Amino acid sequence: MSLEHEVDAYLAHLRVERGLSENTLLAYGRDLSRFVEFVTTLGVQAGVLLDLGHVSAWMKALAEDGLAPRSSARHLSAVRGLVRFLTEEGVLRHDPTELAARPRIGRRLPNTLGEHEVLRLLAAPNTTTLRGLRDRAMLSLTYASGLRASEVVHLVLSDIDLERGVVSALGKGSKRRLVPVGEVALDDVQAYLSRRAEHPKFDAARVVFANPRGQALTRQAFWKIVGRYARAAGIVGAAYPHRLRHSFATHLLRGGADLRSVQTMLGHVSIATTEIYTHVGSRQVREAHQKTHPRA
C-alpha cells in the first residue's frame, strides 16, 4: 500500500474510531499531505520505509521555511499519530518518531476581554430586529457558557433546557457535556426564540441560531459577527468567538471558581489545558502591582 493510501486509512480511522470532527480531519489531512509530498522526494513510497531521518529532515524543512514552532509542533503531532497507527497495524516494527525533537514553544497566554469590554460587546447588537436578537443571544450564550464556535452554531433546540438553565454541547470527539448558563444569557436566548417563532419560515428549523433561510450558521459567519460587533464596541485587537471562551474561563477563575469545575465546563480532557487560565490572572496581578505599588 502506498503512503498516500496509508494516510487515507489513518484519517478514516480517526473519523470512525476516534470520532474527530471534519474540521480536525481536514487539518490533519493538509499537514499529512505536505509530509507525504516531502518524503516522496526522498524516495519514501510507503510507510514501511519511514525512519527518524525522514521525520527530522521534514522538521528541518519546516523550520527553514519559517514556520512558527507551534505550527511545526502541530505538524509533528500529525506525523506521530500516523506513525503510531502504522505501528499498531504492523506496517512498522518500531516508531521512528520516538526520538524526534519537539520544537521548543513558549507558553502562549489566552487573549481575553475585560469585563467592561464584554458588556460593550453584548450591548452592540440592535435588539429591535430579529437578527440583532439572534446575534445578542449568540454572544451572550458563548460568554456565559464558554462553548466553542462550532458547538454554538451546531446547537439544536433540544440542546437548550431553559427551565433547568443548562446547555448540552457536543464537543470534540463527539463527547457531550452539560454546561450551566446564567439567567441573563437564557433570557437573551428566550427573547430571540420568542421573536423567531413569529416567523413561519423558521418553523422547520431545528438549529438554535439560524440564518435567514432557517439553516445553521457557519463558524466563519459567527467569526464575522463577533468581529463586526467588536469593532462597533470599540474593542482593540482581533475579536473572535474563542476570545469569549477565554474570557469566560478567566473571569470564572478570577471570581473564585475551582479549576476542576472550569475544566468540566470547557470540556478539556486534561486539566493542564485549563491551567493556562490561572497564568492570565497571575500576569494581571503582577501588572497591577507594578503600576500601583510605590515600591514596585
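Just so it is clear, the model here is predicted, and its values are computed rather than measured.

Colleague: How would you sum up the nonpolar core? Please name residues and give values.
Modeller: Grouped together as the largest cluster of nonpolar side chains are 50 residues, with contacts concentrated most on Phe209 and Phe222. Element by element, the count of residues in this core is highest for helix 6 (residues 130–145), at six residues. In this structure, Leu14, Val36, Leu76 and Leu92 belong to the second largest nonpolar core, which totals 25 residues.

Colleague: How would you summarise the pattern of salt bridges if you had to cite specific residues and measurements?
Modeller: In the structure shown here, the tally under the stated rule is 10 salt bridges. For Arg254, the salt bridge goes to Glu115, with nearest N and O atoms at 3.6 Å. With Arg254 in helix 10 (residues 241–254) and Glu115 in helix 5 (residues 115–123), this pair connects stretches of sequence that are 139 residues apart. Under the relative-accessibility criterion, Arg254 is labelled partly exposed at 43%.

Colleague: Would you mind going over the side chain of Gln263 in detail, with residue names and values included?
Modeller: Among the structural elements, Gln263 can be located in helix 11 (residues 259–266). Gln263 has contacts with His268, Val269, Ser270, Ile271 and Thr274, leaving out every residue within four places of it along the chain.

Colleague: Can you lay out the environment of Leu252 for me, pointing to particular residues and giving the numbers?
Modeller: Checked against the element boundaries, Leu252 lands in helix 10. Overall, the relative accessible area of 26% leaves Leu252 in the partly exposed class. When the C-alpha atoms of Leu252 and Val262 are compared, they prove to be 7.5 Å apart, with 10 residues separating the residues in sequence. Once residues lying within four places of it in the same chain are set aside, the contact partners of Leu252 are Ala257, Val262 and Met265.

The rules behind each value
Residues numbered from 1 in each chain as written. Predicted model: local features only at pLDDT ≥ 70, side-chain atom pairs only at ≥ 80, totals over all residues. Heavy atoms only, no water. Core = buried A, V, L, I, M, F, W, Y, C linked by side-chain atoms within 4.5 Å. Buried < 20%, exposed > 50% of the residue type's maximum accessible area, 1.4 Å probe, protein only. Helix = DSSP H or I, 4+ residues; strand = E, 2+ residues; numbered from the N terminus. Salt bridge = Lys/Arg side-chain N within 4 Å of Asp/Glu carboxyl O. Contact = heavy atoms within 4.5 Å.

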